[in-house]
Amino acid sequence: MKVASDGKFIGSITMYTYEVMKEHIHYLKQLQDTSGMAFSVDCSFSPIWRYASPPEAYEVLDYGLMEPYYMHILFGLKNGRHVRTIVGIFITSIILLFDMIQMKWREIVHDIRTGQPDTENSPIWKSIPEELRNKLIALLQPPDEDLARTIENIMNHDVLPVGWGKLLFPGLLITQSAAATTFEHHCAKLEMIVGEDVHCLGENYAASEALLGIQENYTAINRFHHAILYGYTELLPEDQWFVENPQCISIDAAEINRPYEIVTTNWNGLYRYRMGDVIKYVELDSTVVGSVPVFQLCYRRGALLNHFGEKVTEEQLMQSILEAINELNKTNNVGPQRALVDYCATSINRDCSFYYTVFIELTPSPSEQELEEMDWSIFAAQIDTGLCTKNTFYVEFREMACLQPLHIRICRKGAFHVLQRAQIARGSHLEQLKVPRAIPPEAQCLIDVMIQHSTVISSSD
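The rules behind these values
Residues numbered from 1 in each chain as written. Predicted model: local features only at pLDDT ≥ 70, side-chain atom pairs only at ≥ 80, totals over all residues. Heavy atoms only, no water. Phe/Tyr/Trp six-rings, centres within 6.5 Å; stacked < 30°, edge-to-face > 60°. Helix = DSSP H or I, 4+ residues; strand = E, 2+ residues; numbered from the N terminus. Buried < 20%, exposed > 50% of the residue type's maximum accessible area, 1.4 Å probe, protein only. Lys NZ or Arg CZ within 6 Å of the ring centre and 35° of its normal. Contact = heavy atoms within 4.5 Å. Pairing = 2+ DSSP bridges. Axes fitted to C-alpha atoms, helices over the stretch in contact; angles between N-to-C directions. Parallel < 35°, antiparallel > 145°, perpendicular 65-115°, else oblique. Left-handed = near helix turned anticlockwise from the far one by under 90°. Nonpolar A, V, L, I, M, F, W, Y, C, P; charged D, E, K, R; others polar.

Undergrad: How do you make sense of the packing of aromatic side chains when you look at a structure like this?
TA: The geometry of an aromatic ring pair comes down to the distance between the two centres and the angle between the two planes. If you walk through the whole model with that rule in mind, you get twelve aromatic pairs. When the ring of Y356 is compared with that of Y394, the centres are 6.3 Å apart and the planes differ by 15 degrees; the resulting orientation is stacked. On the criterion of sequence distance, the pair formed by Y356 in strand 13 (residues 353-363) and Y394 in helix 13 (residues 392-399) is long-range, its members being 38 residues apart. In this pair, the class of Y356 matches that of Y394, namely buried. By way of ring pairs, the aromatic residues Y205, F224, Y260, Y281 and F295 are connected into one cluster. Note that R437 overlies the ring of Y343, its terminal NZ or CZ placed 4.5 Å from the centroid.

Structure follows, in C-alpha cells:
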C-alpha cells in the first residue's frame, strides 16, 4: 500500500521488491565499508519510508500466507486516511487482501483498539518470532479506539455495501495489478469492493524472463503494445507448436485473431526463448504509417487440458463456466444471484475412462442443503455443452465416447485460499501465487486439497 507524501504520487513496491531492495542496499553498505568507495545511495535511508507498512512488516514474508497479508492490512488501516494506491503483482493478491479483511476484521479491530494482540491464541501472531513480534506490537502503538469503531461499523454487516473498501481507505484513488487473460473475471469483484470512485488499473505484461508488453493506456485491461526497447519478439503460429523444428514468423506477418505463441530474445542473453504464452492481435494494420499493433494475452500453453489432442484452453473453459452461471441465475428467480470466485481443473484417466474434473467456487457459496435440493446436473451439463460449442475436437471426442462428460465439483467457501497455502507449502513464492488452471496429475497433493474442499455434482450427456 502506498501513502501520499507532500502531495506527490509515489511508485509501487511489493513484498518481493522490498526484499530485493533491502539486499541491494545491504550489499552497497558492505561495499562502501570495505572499499571506501562512495555511492549516491543513502544507505541509512529506509527504502519504504513513504509506505503504509514499516520495514519490520516486510520481515514477516517468510512466515506463511496469512501473516504477511495481515500485517500489511493492519498497518495499512492504521494509515488508512493517507493510503492512495494498493498494488499487487496480480489482481488476485488485492482480492486476497480484501478477503482477509472480511475474514479477520474482528481480530484487526481488537489489535487496533487495544494495541495488544492476543499472542497466546492468535495463530498469526504466534507464528512470528518473539523478537520481531515485539517490534511490530511496539509499532502498532498507540491504541486507536476511534479507528477500531469505524472499521467495526463498516464491517459488521451480513452483506457489505458496494465500495466498502473505499470506506476503509477513504483516500484510495487507484488499484494496480496484472489482470489479463483469465484474471479478468476478478475485475468485477474488485470494482464492487472499491466502488466507482477508485480506478482499477492494469499492469504491463512482464515476466521474469522479459518485459513483453506495454499497456495501451493506464486504464486498459489486457491490451498491450510490444515492448520493443526491451527485446525482440517473434511468433510461432499454431501449426508450429508441436513440430520438432518450428518456424517463427515476424510480427508484420501476423493475422488478426489468430493464436500465436510468443518467442522472445532479450538484451540479457535469452535467445529465441519460448515463453509458452499465447497471444492474439486485435489491432494490426501494417499499411498505416505509425500504426502500432495491439495484442491480448490469451492463455499459457501449459494450462491446456488435453487427452487426445482436443487442447481445451483456459479461456474456453472459463467462458463456458461464466455462461453456465449466467443461465443458473436466469432460472433462479427465488435464490441468490451467484458469481464466480475462481476455478481450476485437472485431467483424469481412471481405468481407461478419460474426463476432466472442474473445481468451481461460487459466491454466495451454496449450502449443503442447496447442493442436495437443487438440480445441479443442468449447470454441469451447460458447462460441458459450452465446451462443445467452443472446441471442435472436444465435441468430436465426446461424440465418439473417448471423453466422458465433465465432472463438476462445487467448492466450499475459501477452498482456493487453502489451495494457495498448499502451493506455498510446495515452495511457491507468496507474490508469485497464481491459481493453476490445469493442475497436473503429478501435483496430486493439490488435487487432493480441492477434492477435500468440494462436493461433486452430477453431469449428464
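Undergrad: Is there a simple way to think about the side chain of S347 in this case?
TA: Its place among the elements puts S347 in strand 12 (residues 339-350). Residue S347 is classed as buried on the basis of its relative accessible area of 17%. Ignoring any residue separated from it by four or fewer positions in sequence, one finds S347 in contact with L305, N306, H307, Y355, Y356 and P441.

Undergrad: How should I be thinking about the sheet that holds strand 12 in this particular structure?
TA: Within a sheet, each strand pairs with its neighbour through backbone hydrogen bonds, oriented either parallel or antiparallel. Ordered in space as 12-13-14-15, the four strands form an open sheet in which the pairing is mixed. What marks the edges here is a single partner per strand, and that holds for strand 12 and strand 15 (454-457). The average angle at which neighbouring strand axes cross in this sheet is 25 degrees, direction not considered. Summarising the sheet, strand 13 and strand 14 (residues 407-411) pair through four bridges and their orientation is parallel. Looking across to strand 14, one finds that T357 is bridged to H407. Of the strands in this sheet, strand 13, strand 14 and strand 15 touch helix 12 (residues 376-390), which is tilted by about 120 degrees from strand 14.

Undergrad: I keep staring at the packing of helix 4 (residues 91-114) against helix 9 (residues 185-194) and nothing clicks. Help me out?
TA: The packing of two helices is summarised by the inter-axis angle and the distance between the axes. Interhelical geometry of helix 4 versus helix 9 gives an angle of 40 degrees and a closest axis separation of 10 Å. What the angle tells us is that helix 4 and helix 9 run oblique. As for how helix 4 packs across helix 9, the hand of that crossing is left-handed. Across the interface between the two elements, I91, T92, I94, I95, F98 and D99 from helix 4 touch H186, C187, K189, L190, I193 and V194 from helix 9. Across the contact of helix 4 with helix 9, the residue classes break down as eight nonpolar, two polar and two charged.

Geometry only, nothing functional implied.
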